[in-house]
Amino acid sequence: MRKSFLLTALFAAALLTSGQAGAYEAINGPTGLLQYDKAKAYDGYTLFTPHAKTPSWRVDKAKYPGSKTTYLIDMEGNIVHTWKHENTAMYAELLPTGNLLRAEKIPGSPVNFGGWHGLLREYSWDGEVVWEYRVSDPTKVAHHGFDRLPNGNTAILIWEYKSYEEALAKGRNPNDPALQPNGTTGPALSPDGLPLTGIWPDAILEVTPKGEIAWEWHVWDHVGTGPDQIDINWHLPLSMGYMARADWTHWNSIRYNPKKDMYAVNSRDFGEIYFIDRKTGNIVWRFGNLSTHGKGRAPSGYHDDGDQILFGSHDIQWLPNGNISIFNNGTYQPSTNRSSVMEINPETKRIVWRYQTRDPNSFSSNFQSAAQKLPNGNWLVTSTNNGHIFEVTQDKQVVWEYINPISVDDKPHCMKRDNAPWNQVHRAFRYGRDYPAFAGRDLKPQGKLAAGCPDWTKLLEFKPASDDSGR
């Protein structure tokens, strides 16, 4: 066994040191810290929550229960703090107070769409539950993104049920083969095996610390074909894999901008970002896919992207300079399935910075993933599919890299293998050493997550490389 492990490790090292294009990604290979350029990386601590994706049709949940721990690690990959929980999760964020805000997956979801969770909990630094808000019943469920506002309120994305008859009354076309009564061309079942009928459009709930709804916004109130509306009949071509399923609009991230008093949200299946004015409730800006509202050409087959720019995108963020960022997954993009990180100027609607590598498979992730612009101008990128977290500079040099070693068996693994359970991470966050949450905290290194594994930073001789193919 040990001989086999060493041979696999040496093989992985050979792959990593030959033709290295900045960031490593493979089905097989080492986990933990792979590289760290201390002079160029943004010094701080990285927070991540193993995603614990355990589809019942492929994984024995008794054997692979998923991780119920949130980890904070230093730049050397050492654990400095953990939070233990009773539920698995989508992801968590660290608030300036030192509290942890975490989206948790709870039993009883009315749907099995990717991204549902149902419970948002806030924990103290010591792990005590100090606040929670639950949205999970037969007609609605919380999913994906959340955002803590400066006034203490919390914005939460939810899905809400609408019957097929209600959809028809709103104008849904019953003759389109993609727009079946259950919103899909195939069978759709809830986690309990019940048929799913109708559709589940998105909504935003802004909740006070007392659990009262202070503001809300519903896609259902903005259905139409205008530039400030959502078309109930729009969907990507059937040949591209996406259809207007029961999970119709599939928003996956939300961020509030207090200076503009606007929400930014991202729709994966429409390939669009929207700005919503909180005062008027209007969609005042959209970007990514002109064909959704009749202003451009849709993709039309092999290698033709049409006028669409975003494909399966995730993690919308406002940036201090007034721009926005997005992780563009490239899912079902006709020209190539290549993921990229984009910084976009909302005024000009131009991409002002982009990171992607020459190899379409490098850090590629068909679903989920994230990108955080750091104070020094670097970017922390989360490629969900392989639990891959790395930091890249403005000139596109990878200066820190980490592979999550925790798999859905809730155990650390030194090597990631193609027959091993998943080690996905939905979103990771880097916080500087001066982040207010760390004031007065004990952040003494407690050792590696996968103790006893090789020190890959010493075994693997990285030669930093920049890649300007995305410029």
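Above this text is the structure in question.
These lines cover the structure that appears in this document, whether it is placed above or below.

Analysis parameters
Residues numbered from 1 in each chain as written. Predicted model: local features only at pLDDT ≥ 70, side-chain atom pairs only at ≥ 80, totals over all residues. Heavy atoms only, no water. Disulfide = S-S within 2.5 Å. Helix = DSSP H or I, 4+ residues; strand = E, 2+ residues; numbered from the N terminus. Phe/Tyr/Trp six-rings, centres within 6.5 Å; stacked < 30°, edge-to-face > 60°. Buried < 20%, exposed > 50% of the residue type's maximum accessible area, 1.4 Å probe, protein only. Lys NZ or Arg CZ within 6 Å of the ring centre and 35° of its normal. Core = buried A, V, L, I, M, F, W, Y, C linked by side-chain atoms within 4.5 Å. Contact = heavy atoms within 4.5 Å. Salt bridge = Lys/Arg side-chain N within 4 Å of Asp/Glu carboxyl O.

### Digging into the state of the cysteines
- Applying the stated criterion across every chain yields a total of one disulfide.
- The side chain of C414 participates in a disulfide bridge whose partner is C453; the two sulfur atoms lie 1.7 Å from each other. The sign of the -80° torsion about the S-S bond sets the C414-C453 disulfide as left-handed. On the criterion of sequence distance, the pair formed by C414 in the loop between strand 26 (398-403) and strand 27 (415-416) and C453 in the loop between strand 28 (425-432) and helix 3 (456-459) is long-range, its members being 39 residues apart.

### A short note on the packing of aromatic side chains
- Summed over the entire model, instances satisfying the criterion amount to 29 aromatic pairs.
- Judged by centre distance (4.6 Å) and plane angle (35°), the rings of F275 and W318 are tilted. With F275 in strand 17 (residues 272-277) and W318 in strand 19 (residues 314-318), this residue pair connects regions lying 43 residues apart in the sequence.
- For W318, a relative accessible area of 15% corresponds to the buried category.
- Geometrically, the ring pair formed by F363 and F390 is edge-to-face, given 5.4 Å between the ring centres and 65° between the ring planes. Of the two residues, F363 is situated in the loop between strand 22 (350-355) and strand 23 (370-373) and F390 in strand 25 (residues 388-392); the sequence distance between them amounts to 27 residues.
- Take F390: its relative accessible area is 0%, and that puts it in the buried class.
- Aromatic ring contacts, followed pair by pair, group Y45, W83, Y91, W125, F146, F429, Y431, Y435 and F438 into a single cluster.
- It is K105 that lies over the ring of W116; its NZ or CZ is 4.0 Å from the centre.

### Some points on the nonpolar core
- In this structure, L72, W83, L94 and F438 are the most contacted members of the largest nonpolar core, which totals 32 residues.
- For this core, the element with the most residues is strand 6 (residues 89-94), which contributes four residues.
- With sequence-adjacent residues up to four places away left out, W83 is seen in contact with L47, K68, T69, T70, L72, L94, G98, L100, Y123, S124, W125 and G127.

### What to know about the pattern of salt bridges
- Taken as a whole and judged by the stated rule, the model has 18 salt bridges.
- One salt bridge in this structure joins E272 and R286, with 2.9 Å as the shortest N-O distance. Pair noted here: E272 is in strand 17 and R286 is in strand 18 (residues 283-287), with a separation of 14 residues, a long-range link.
- Across the pair K373 and E343 runs a salt bridge whose closest N-O atoms are separated by 2.9 Å. One end of the pair, K373, is in strand 23; the other, E343, is in strand 21 (residues 340-345), and 30 residues separate them in sequence.
- Judged by its relative accessible area of 26%, K373 is partly exposed.
- Judged by relative accessible area, which is 4%, E343 ranks as buried.
- In this structure, a network of salt bridges that share partners links the residues E86, R102, E104, R121, E132 and R134.

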